[in-house]
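The residues making up each chain are set out below.
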Amino acid sequence: MERRDKINYYLDIAETVLKRGTCLRRNYGAIIVKHDEIISTGYSGAPRGRKNCIDLGYCMREQLNIPRGQMYEKCRSVHAEMNACLSASRKDMLGATLYLVGRDMKTKARIEDANSCAMCKRIIINAGIERVIIRDSADAYRIIHVEEWIQSDDSLTEKVGY
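All values derive from a computational prediction rather than experimental measurement. (Residues numbered from 1 in each chain as written. Predicted model: local features only at pLDDT ≥ 70, side-chain atom pairs only at ≥ 80, totals over all residues. Heavy atoms only, no water.)

Taken together, the five strands give an open sheet; going across it, the order is E2-E1-E3-E4-E5, and neighbouring strands pair in mixed fashion. Edge positions in the sheet fall to strand E2 (37–43) and strand E5 (141–145), since each of these pairs with one other strand and no more. Neighbour-to-neighbour, the strand axes of this sheet turn through a mean angle of 20°, independent of strand direction. As judged from the five bridges shared by strand E4 (residues 131–135) and E5, these two strands associate in the antiparallel manner. Looking at the pairing, arginine 135 lines up with tyrosine 141 of E5. (Pairing = 2+ DSSP bridges. Helix = DSSP H or I, 4+ residues; strand = E, 2+ residues; numbered from the N terminus. Axes fitted to C-alpha atoms, helices over the stretch in contact; angles between N-to-C directions.)

Here it is in structure tokens:
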């Protein structure tokens, strides 16, 4: 039996975390790892105490035909990256890696060109996370150095996230 490499091992865990997500449109799973220790996990879901889209039976953004990457204020969910960052202390996140996997809930396919949204990028930068690794397929992934987000400072022209 071939041993799983560490990056795909952590992406596999993030993919399991996304199964807790409550979005009817797209679910993401995120884990933050530092020194080979999982610091926290997060998935897409409504704030604590509020009803989830799966409980309501509809997605407001979908009902309003809002395209991916726009008008997040209409979304009930807190993004996976935000939830992972909220569950960890900053001192534990400094220099850490965030692993991210997204899945379309209708097709069950992985999200093509998944990326953190502008708000999540800001949170990741302020958390002190150094790298974000995003799964593209079963064994393929992209490594993003957060410093690139800082240096590009393109908050007004950022590529579509969720």
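We are not done yet, so read on.
Two numbers describe a pair of aromatic rings. These are the distance of the centres and the angle of the planes. Under the definition given, this model contains two aromatic pairs. With a centroid separation of 5.0 Å and 55° between ring planes, the pair formed by tyrosine 9 and tyrosine 10 is classed as tilted. Judged by centre distance (5.2 Å) and plane angle (45°), the ring pair of tyrosine 10 and tyrosine 99 falls under tilted. A residue pair is termed long-range when its members are at least 10 positions apart, and tyrosine 10 in helix H1 (residues 6–17) and tyrosine 99 in strand E3 (residues 97–104) qualify at 89 residues. Among the residues examined, tyrosine 99 registers a relative accessible area of 4% and is labelled buried. Ring pairing ties together the aromatic residues Tyr9, Tyr10 and Tyr99, which thus form one cluster. (Phe/Tyr/Trp six-rings, centres within 6.5 Å; stacked < 30°, edge-to-face > 60°. Buried < 20%, exposed > 50% of the residue type's maximum accessible area, 1.4 Å probe, protein only.)

A few words now on empty space enclosed by the protein. All chains considered together, the criterion is met by two cavities of 30 Å³ or more. When its volume is computed, the second largest cavity comes out at roughly 40 Å³. Along the walls of the second largest cavity sit Cys23, Cys53, Cys59, Met60, Arg61, Lys74, Cys75, Arg76 and Ser77, which together make up its complete lining. Classifying every residue of the lining of the second largest cavity by side-chain character gives five nonpolar, one polar and three charged. (1 Å grid on protein atoms, 1.4 Å probe; cavity = no way out; pocket = protein on both sides within 12 Å on 5 of 7 lines; lining within 4 Å. Points joined across faces, edges and corners; volume = space filled by probe spheres on them. Nonpolar A, V, L, I, M, F, W, Y, C, P; charged D, E, K, R; others polar.)

Within the element layout of this structure, asparagine 27 appears in strand E1 (residues 26–34). Within the structure, the side chain of asparagine 27 is placed 3.3 Å from the backbone nitrogen of threonine 22, a separation counted as a polar contact. A polar contact of 3.1 Å, which involves the side chain of asparagine 27, links it to the backbone oxygen of cysteine 23. Every residue in contact with asparagine 27, bar those within four places of it in the chain, is listed here: Leu18, Gly21, Thr22, Ser44, Val101, Gly102, Arg103 and Met105. (Polar contact = N/O pair within 3.5 Å; in protein donor to acceptor, adjacent residues only side chain to side chain. Contact = heavy atoms within 4.5 Å.)

The next thing to look at is the pairing of E4. Counting buried residues in E4 gives four out of five residues, a clear majority hidden from the surface. With four bridges joining them, E3 and E4 adopt parallel strand pairing. Across the sheet, residue threonine 97 finds its bridge partner in E4, namely arginine 131. Considered for its hand, the β-α-β crossover made up of E3, helix H6 (residues 118–127) and E4 is right-handed. Counted along the chain from E4 to the antiparallel partner E5, the turn is five residues long. (Right-handed = clockwise from strand over helix to strand, strands pointing away.)

One can find serine 44 in the loop between E2 and helix H2 (53–56). Of the polar contacts made by the side chain of serine 44, one reaches the backbone nitrogen of tyrosine 28; its length is 3.2 Å.

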